[in-house]
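Listed below, chain by chain, are the residues.
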Amino acid sequence: MKKVLITNVTENLADVKNTREKCIRCSMCKFPPLAVVENSEHSMGCPSYEEFLFHSNSGGGLVAMANSLDRGRSEITDSVKETVYGCTLCGLCDVSCKYGAAVEVFDTLLALRKKVFDEGVVYPEHQQIIDSIKNNNHPLISHVSDNHQAMKLSSDDSADTLLWVGSHFARDTRLQGWFLDIIKLLKAANISFKLLFDDEPDTGRAALEIGDVELFKRQSQKVSDAIKLTGANQVLCLSAEDYSTLRSQTPKYAPLDVPIKHITEIYDSIIKGGKLTVSKVDDFKDVAWHDPCYLGRLGGKFEYWEGVETKINQMPVYVPDKPINYGTGGVFDAPRNIIDSLILSTRKEFSRRKEYAFNAGESGQAIAVMPEFAKATARRRLQEADDLGIRTVVTECPKAYLSLQAVIHEFSDIQLISLTQLIMQSNY
Ligand code: SF4
Ligand code: SF4
């Protein structure tokens, strides 16, 4: 029988048919793998299943829903819409599935959202975000400012590094101080960079997550063209979401031939290289790094693949070998190295960490339509910190930070700080 050539660039439910039909309904995607579970209290991995408690709210349940819709056995109802978007697209299900099976769960969830969006079923809040990307070049619908204004003198057009500020740092009034601190640290380390200001296109990540793949493709092309025009040989992302998007999603639709770095990697390198002087501080106790999903398991580099699926002893195999995303391709060590170099005490760890970290409610555009679900997810992450005696939670994802900040007042013994703040306070 003639083999059909397939690729790992998938958009529609039909494109992921071969993978989603391999789901064996084992439910492993609800949890981190048993081998890494450290205690029963923090053994759940899927924020939506933990909140809504229906199988349909898990990765495997959504895969089953995709199968049903694609076969015409069911149709898109309000309840289907709520289930599809009541998920943070955190990707835990995808990497947990890969531990023992091989379903492309994340790609299936994206294809499911595209199907719902293409059928014209869209939340008004999501439509506002889509309209804002198209009309304003950013996805924000509140707290909008122009943080770029203070940066006009910072750009060095001869620099090899392009600083990719991202829509959130560039536009969210709550992030202006953080953005300024990053610039101060880079200047203190004599790192030169160029900025695109208003010519920096939004990556379109929100459109991808809502299901408007056509808009995401257009933004991807704009991103690719803008980077190429600068002639930069490195792109430095300030936002974890942009890091994930430029590494794992944009290259599916537009060429990106330059290395993409995250600010935590640069901090690590300039501290290790002595370009930024830091001294240990004793102000922070029981410090732990919260792995943002965008920076960690969703930050792996996309590798294009095409080939065929065949069978050996009834076991499906791909020829040539297909890259498998185990969620380990993002940034995990750099922030931990930095914290170790800044604090006098021993750093702590969350039980659910690295590629199996629990989400903070920031991703997948769920926060726009189900803010209480996002808050409950952030609360569960901070409860884990509280249970483990973590008193200082550090992260460097503006969206995760804001999501955690919304409930931090419920945990009087825990403080939340960005890695940038931590470095600033170490008397650089
Ligand atoms: S998606 Fe993977 S982990 Fe989840 S039920 Fe299916 S086979 Fe099991
Ligand atoms: S992406 Fe995250 S929230 Fe959504 S089903 Fe998977 S584990 Fe659950």
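A few points on the structure.

## Looking at the pairing of strand β9 (residues 415–418)
Bridging between strand β8 (residues 392–395) and β9 involves 4 bridges; their strand directions are parallel. If you follow T395 over to β9, its bridge partner there is S418. With helix α17 (residues 398–405) bridging β8 and its parallel neighbour β9, the resulting β-α-β unit is right-handed.

## Description of the layout of surface pockets
In this structure, the largest pocket encloses a volume near 660 Å³. Contributing to the lining of the largest pocket are 26 residues, with S142, R174, I367, A368 and K399 lying nearest its centre. Those elements giving two or more residues to the lining of the largest pocket turn out to be α7 (124–136), α15 (366–369), α16 (371–387) and α17. Sorting elements by how many residues they give to the lining of the largest pocket places α17 first, with 5 residues. Its residues assigned to classes, the lining of the largest pocket comprises 13 nonpolar, 6 polar and 7 charged. Volume-wise, the second largest pocket comes out at about 560 Å³. What lines the second largest pocket is a set of 33 residues, and nearest its centre among them are E104, D107, F302, P323 and N325. Breaking the lining of the second largest pocket down by element, the ones donating at least two residues are β1 (6–7), α1 (17–20), α6 (105–118) and α12 (240–249).

## Focus: the site of ligand 2
Around ligand 2 sit 13 residues in total, of which C46, S48, C87, C90 and C93 are the nearest. Counting atoms within 2 Å of the grid points, the majority share of ligand 2 lands in the second largest cavity. Contributions of two or more residues to the shell around ligand 2 are made by α2 (47–52) and α5 (92–100). Across the shell around ligand 2, the residue classes tally to 8 nonpolar, 5 polar and no charged.

## Topic: the packing of aromatic side chains
Applying the stated criterion to the full structure yields 7 aromatic pairs. Considering the side-chain rings of F169 and W178, the 5.3 Å spacing of their centres and the 85° angle between planes classify their relative orientation as edge-to-face. Against the face of Y318 rests K322, its NZ or CZ located 4.5 Å from the ring centre. Between R352 and the ring centre of F358, over which it is positioned, the NZ or CZ distance is 4.1 Å.

## Some points on the environment of L276
With respect to the element layout, L276 can be found in the loop between α13 (263–272) and β5 (287–289). Taking the C-alpha atoms as reference, L276 lies 9.7 Å from K187; in sequence the two are 89 residues apart.

## What to know about the environment of L185
Here L185 lies in helix α9 (residues 176–188). By relative accessible area, which is 0% here, L185 ends up buried. On a C-alpha basis, the gap between L185 and S132 in space is 31 Å, while along the polypeptide they are 53 residues apart.

## Quick word on the site of ligand 1
In the vicinity of ligand 1, the contacting residues are C23, I24, R25, C26, S27, M28, C29, G60, C97, A101, V103 and V105. Taken atom by atom, the bulk of ligand 1 overlaps the largest cavity. Per-class residue counts for the shell around ligand 1 are 9 nonpolar, 2 polar and 1 charged.

## Here we look at the pattern of salt bridges
This structure, assessed with the given rule, holds 30 salt bridges. D94 is the salt-bridge partner of K98, the closest N and O atoms lying 3.0 Å from each other. One end of the pair is K98 and the other is D94, both in helix α5 and 4 residues apart, which spans about a single turn. Of the two residues examined, K98 and D94, each falls in the buried class. For D268, the salt bridge goes to K272, with nearest N and O atoms at 3.1 Å. Placement of the pair is D268 and K272 together in helix α13, with a separation of 4 residues, close to one helical turn.

## Quick look at the sheet that holds β1
The pairing of strands in a sheet happens through backbone hydrogen bonds and is either parallel or antiparallel. Read from one edge to the other, the open sheet built from 3 strands follows the order β1-β6-β7, with strand pairing classed as antiparallel. Single-partner strands in this sheet number two, and they are β1 and β7 (315–319). Bridge count for strand β6 (residues 306–312) against β7 is 5 bridges, and the pairing is antiparallel. Of the residues in β7, the one forming a bridge with V308 is V319.

## Things to note about empty space enclosed by the protein
For the structure on display, the rule yields 4 cavities of 30 Å³ or more. Approximately 110 Å³ is the volume found for the largest cavity. As for the largest cavity, its lining consists of 14 residues, and the residues nearest its centre are C23, C26, C29, C97 and V103. Looking at the lining of the largest cavity, the element that brings in the most residues is helix α3 (residues 59–70), giving 3 residues. Approximately 80 Å³ is the volume attributed to the second largest cavity. Lining the second largest cavity are 13 residues; nearest its centre among them are C46, S48, C87, C90 and C93. Elements with a contribution of two residues or more to the lining of the second largest cavity: α2 and α3. Per-class residue counts for the lining of the second largest cavity are 8 nonpolar, 5 polar and no charged.

Quick notes on the rules
Residues numbered from 1 in each chain as written. Chains lettered and ligands numbered in written order. Predicted model: local features only at pLDDT ≥ 70, side-chain atom pairs only at ≥ 80, totals over all residues. Heavy atoms only, no water. Pairing = 2+ DSSP bridges. Helix = DSSP H or I, 4+ residues; strand = E, 2+ residues; numbered from the N terminus. Right-handed = clockwise from strand over helix to strand, strands pointing away. 1 Å grid on protein atoms, 1.4 Å probe; cavity = no way out; pocket = protein on both sides within 12 Å on 5 of 7 lines; lining within 4 Å. Points joined across faces, edges and corners; volume = space filled by probe spheres on them. Nonpolar A, V, L, I, M, F, W, Y, C, P; charged D, E, K, R; others polar. Near = heavy atom within 4 Å. Sits in = over half its atoms within 2 Å of the grid points. Phe/Tyr/Trp six-rings, centres within 6.5 Å; stacked < 30°, edge-to-face > 60°. Lys NZ or Arg CZ within 6 Å of the ring centre and 35° of its normal. Buried < 20%, exposed > 50% of the residue type's maximum accessible area, 1.4 Å probe, protein only. Salt bridge = Lys/Arg side-chain N within 4 Å of Asp/Glu carboxyl O.

So, to be careful, I would describe these as geometric facts and stop short of saying anything about function.
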